Amino acid sequence: MIHRSTYISLFVLTLSSIGQAAEYRVDTQRKFDEVSSIELSPGDSILLKRGQTFVGMLAPTGQGVDGNPIGVTAYGKGRRPVIHAQGRHIAGLLLKNPSYWEVDGLEITNTDGTTEEQGDLFGIYVLADETEGVHQHVYIDDCHVHDVNGMVAGKRRGGIHVHIRKLRSATFDDLRITNNVVENVGGVGIGNDSSCGKVRLFPGRHESRNLWTRVYVAGNRVDSTGRNNVIARVSKDAVYENNTLANSSRQSTGHSIFCFNTDGMKIQYNEAYGNRGEGGIDRGGFDADYNCINTFIQYNYSHDNNWFCGIMKRPTRNVVIRYNISQNDREGIYFYGFEKEKKAENVHVYNNTHFIRAGLDVEVFVNGRTPVNSRFENNIFYFEGVGQWGRNAVGINTVFRNNLYFNIDPHPSDTRPIVGDPRFTQPGQTETGIGLTTMKDLVGYRLQEGSPGMDTGITIMNSGAKDLVGSSVRAGQTNLGAIE
């Protein structure tokens, strides 16, 4: 580790109004090498010149403070500055034990140019492995991370990752990963993990330990990954929204996004597509995994995956799947994982719209999986061809109520089914590239006057008060499906 004072004479420094904060402007490989392991102080920043490519790993250290973070960013005009770690370093940018760091505007790649295994590599890697306690305020925004490793699998390596390792009582607070493009990476596009964070469920209660707080992952595009696009772990009330999740799991099966060891997770306003391939498991857009409580998968758009949503039957509690659209998912709609387990509790699936075009051979419950402890209400199941339920669709403690069915027989448990054409305005037209902040591109699934699904929904308490496109949901005048 080299302290900042060693290099003050080698750089053009800008002193901040606070006093000694310094800017290190890097425009040559020599200067990049000199700052690669420098220790920074609050308010300091490393600025990489646009239009330049730097070879190696940038791994500065130090701690910012509230209101005076350390920055790594770009300056000048032209294309982003590139850090090329060549598959020889653990990451292009490594931040160890950080607090109050902000990173933006960089391009990072880390491969030797082959599609082969090159180790546990990352594009941007944030690692806490020395200091117990709370690591605060780490922001990664508007970076382009691509071509990391070969096209290989693995859950704990990939594009942008934040990990706690070898610690017993550590968390992150105020972690933001926003507006990045992550593509063509081995492993997982965006992920986090902890050696000491967990959720455990017991009869009638649960325990959580060292969950991260104020985690926000939004506005990212993650495309073509060896494993999952995104894994969301060890957090309380995290929000993952407005992300485009494309073509995940090219080398191993895995849902496009799933949560694990979380409480209050919200996965919302995301688009997931292209998760297709062999393997028979874990190839949907979304997944409520186990060791989680109070999971919300809502206001999302799934299309052209093997299926829409996974629900794991190992211990998980209070799963809400609502106001989503599943369009032309190719093999099924719902996948209940760990077939021999029965420990998922209180799964509530309501006001979702499922549309399957003619020519697709689709089961509602794919691969003969058995739903358990689940309620399905106010959903629309629309098949242009003939729909199928799956051989174990009756389920265990699974009840359907007040759903609309078109070209598929009502579920045998539904005592008040609605059968008929929902009369969508213009279904099945939207493909990729929708506006995720409004979801207005999906209004083709709005019901026309005279639809048997209009104003026939049962009132569901605590339903979120709005539909997929932001319209108000009023008790007693609820439509079926995802759009009022």
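Residues numbered from 1 in each chain as written. Predicted model: local features only at pLDDT ≥ 70, side-chain atom pairs only at ≥ 80, totals over all residues. Heavy atoms only, no water.

Draft legend 1. Representation of the overall build of the protein chain. Across its full length, the protein chain holds one helix and 43 strands. Computed over its C-alpha atoms, the radius of gyration of the protein chain comes to 24 Å, within 12% of the 23 Å expected for a compact globule of 484 residues. Across the 484 residues in the protein chain, those meeting the buried criterion constitute 60%. A total of about 18,100 Å² of accessible surface is found on the protein chain, and carbon and sulfur atoms cover 45% of it. Mean positive and mean negative side-chain charge positions of the protein chain (50 and 53 charges, respectively) differ by 3 Å. (Helix = DSSP H or I, 4+ residues; strand = E, 2+ residues; numbered from the N terminus. Rg over C-alpha atoms; globule rule 2.2 N^0.38 Å. Buried < 20%, exposed > 50% of the residue type's maximum accessible area, 1.4 Å probe, protein only. Areas by Shrake-Rupley, 256 points an atom, 1.4 Å probe, with all protein chains shown as cover. Lys, Arg positive; Asp, Glu negative; His and termini not counted. Charge placed at Lys NZ, Arg CZ, Asp CG, Glu CD.)

Draft legend 2. A look at the pairing of strand E33 (residues 316-322). Of all seven residues in E33, six are buried, a share of seventy percent or more. In this structure, strand E30 (residues 292-298) lies alongside E33, joined through six bridges in parallel fashion. Residue pairing across strands places Cys-292 opposite Thr-316, the latter belonging to E33. (Pairing = 2+ DSSP bridges.)

Draft legend 3. Seen up close, the pattern of salt bridges. Across all of its chains, the model carries 19 salt bridges by this definition. Where Lys-96 meets Glu-130, a salt bridge forms, and the shortest distance between an N and an O atom there is 4.0 Å. Residue Lys-96 is found in strand E9 (residues 93-96), and its partner Glu-130 is found in the loop between strand E12 (122-128) and strand E13 (133-141); the two are separated by 34 residues along the sequence. Its relative accessible area of 58% is what places Glu-130 among the exposed residues. (Salt bridge = Lys/Arg side-chain N within 4 Å of Asp/Glu carboxyl O.)

Draft legend 4. Structural view of the environment of Phe-54. Looking at where Phe-54 falls in the secondary structure, it is placed in strand E5 (residues 53-55). Here Phe-54 falls in the buried class, since its relative accessible area comes to 0%. Each C-alpha atom of the pair Phe-54 and His-84 lies 6.1 Å from the other, and the pair is 30 residues apart in sequence. Residue contacts for Phe-54: discarding those within four places in its chain leaves Val-26, Asp-27, Thr-28, Gln-29, Phe-32, Leu-48, Lys-49, Pro-81, Val-82, Ile-83 and His-84. (Contact = heavy atoms within 4.5 Å.)

Draft legend 5. Quick peek at the pairing of strand E32 (residues 307-312). E32 sits mainly inside the fold: six of its six residues count as buried. Relative to E32, strand E29 (residues 284-288) is paired through four bridges, and the arrangement is parallel. Residue pairing in the sheet places Gly-284 in a bridge with Trp-307 of E32. Here E32 runs beside strand E35 (residues 332-337); their pairing, made up of four bridges, is parallel. Each bridged residue has a counterpart across the sheet, and for Gly-310 the counterpart in E35 is Phe-335.

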